[in-house]
Amino acid sequence: MKRFLLPHAFQTVGWLLLLASLVTAAAAMVLDLPAAVQPDGSVSADFAATQPLTRAILIGAQLSIFLIACSRERVEDEMVSAMRQRALASVAYALFAIYTAIAIVSVITGSDMAKDLATSIASPAIAFWAYEIVLRVNIARNRKRTSL
């Protein structure tokens, strides 16, 4: 798995890009940028004007998630590689189980909740955060265990 990982510097770039994307998104929401002036003088958010900014924020966030998840740790040894593989497997199993449960409940109840709920739960952002949390917890446990 080490062959397919980016150098650790890409992880730092990914965190900075994620921070920049989140700050830009928050600023756009707080400042209501950009807004369009209607002919009667009222101001409303213009979807066509906000679409490029929204797309840039989403692309920046997705790219940062990729850089963080696919970068080596500062010290990447066999133990960290094994923890990375276990984290990926456990997140994949958990998301598959959740998706399957939603599909079964949707079929039983006859509702169409599977489409929206399963899509939102199985999004790359949710998968990334679950993977990152599992990996960081495993690394912290390992450090605590080895320091004793």
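Values in this document were obtained by computation on a predicted structure and should not be read as measured data. (Residues numbered from 1 in each chain as written. Predicted model: local features only at pLDDT ≥ 70, side-chain atom pairs only at ≥ 80, totals over all residues. Heavy atoms only, no water.)

## Description of the overall build of the protein chain
- Scanning the protein chain for helices and strands turns up five helices and two strands.
- Shown N-terminal to C-terminal, the secondary structure of the protein chain runs as helices and strands in the order α-β-β-α-α-α-α.
- Of all 148 residues assigned to the protein chain, the portion counted as buried reaches 26%.
- Restricting to contacts in the protein chain with at least 6 residues of sequence separation, those with at least 24 account for 70%.
- By element, 71% of the accessible surface of the protein chain is carried by carbon and sulfur atoms, the whole surface being about 10,000 Å². (Helix = DSSP H or I, 4+ residues; strand = E, 2+ residues; numbered from the N terminus. Buried < 20%, exposed > 50% of the residue type's maximum accessible area, 1.4 Å probe, protein only. Contact = heavy atoms within 4.5 Å. Areas by Shrake-Rupley, 256 points an atom, 1.4 Å probe, with all protein chains shown as cover.)

## A short note on the pattern of salt bridges
- Tallying each qualifying case throughout the model produces three salt bridges.
- For the salt bridge of Glu73 with Arg84, the shortest nitrogen-to-oxygen distance reads 3.8 Å. Linking Glu73 in the loop between α2 (47-69) and α3 (78-109) with Arg84 in helix α3, this pair joins segments that are 11 residues apart in sequence. Taken individually, Glu73 and Arg84 each receive the classification buried, so the pair is uniform in this respect.
- Taking the shortest distance from any N to any O, the salt bridge between Arg136 and Glu73 comes out at 2.8 Å. Of the two residues, Arg136 is situated in helix α5 (residues 124-147) and Glu73 in the loop between α2 and α3; the sequence distance between them amounts to 63 residues.
- Here Glu73 falls in the buried class, since its relative accessible area comes to 10%.
- One network of salt bridges, with partners in common, ties together Glu73, Arg84, Glu132 and Arg136. (Salt bridge = Lys/Arg side-chain N within 4 Å of Asp/Glu carboxyl O.)

## Overview of the layout of surface pockets
- Each pocket or cavity is described by its volume, and for the largest pocket that value is around 300 Å³.
- Taken together, 15 residues form the lining of the largest pocket, with Glu73, Val75, Val80, Ile139 and Arg143 sitting closest to its centre.
- Secondary-structure elements contributing two or more residues to the lining of the largest pocket are α1 (8-31), α3 and α5.
- Per-element tally for the lining of the largest pocket: the top contributor is α5, with six residues.
- Taken together, the residues that form the lining of the largest pocket break down as six nonpolar, four polar and five charged. (1 Å grid on protein atoms, 1.4 Å probe; cavity = no way out; pocket = protein on both sides within 12 Å on 5 of 7 lines; lining within 4 Å. Points joined across faces, edges and corners; volume = space filled by probe spheres on them. Nonpolar A, V, L, I, M, F, W, Y, C, P; charged D, E, K, R; others polar.)

In short, shape yes, function no, at least from these values alone.
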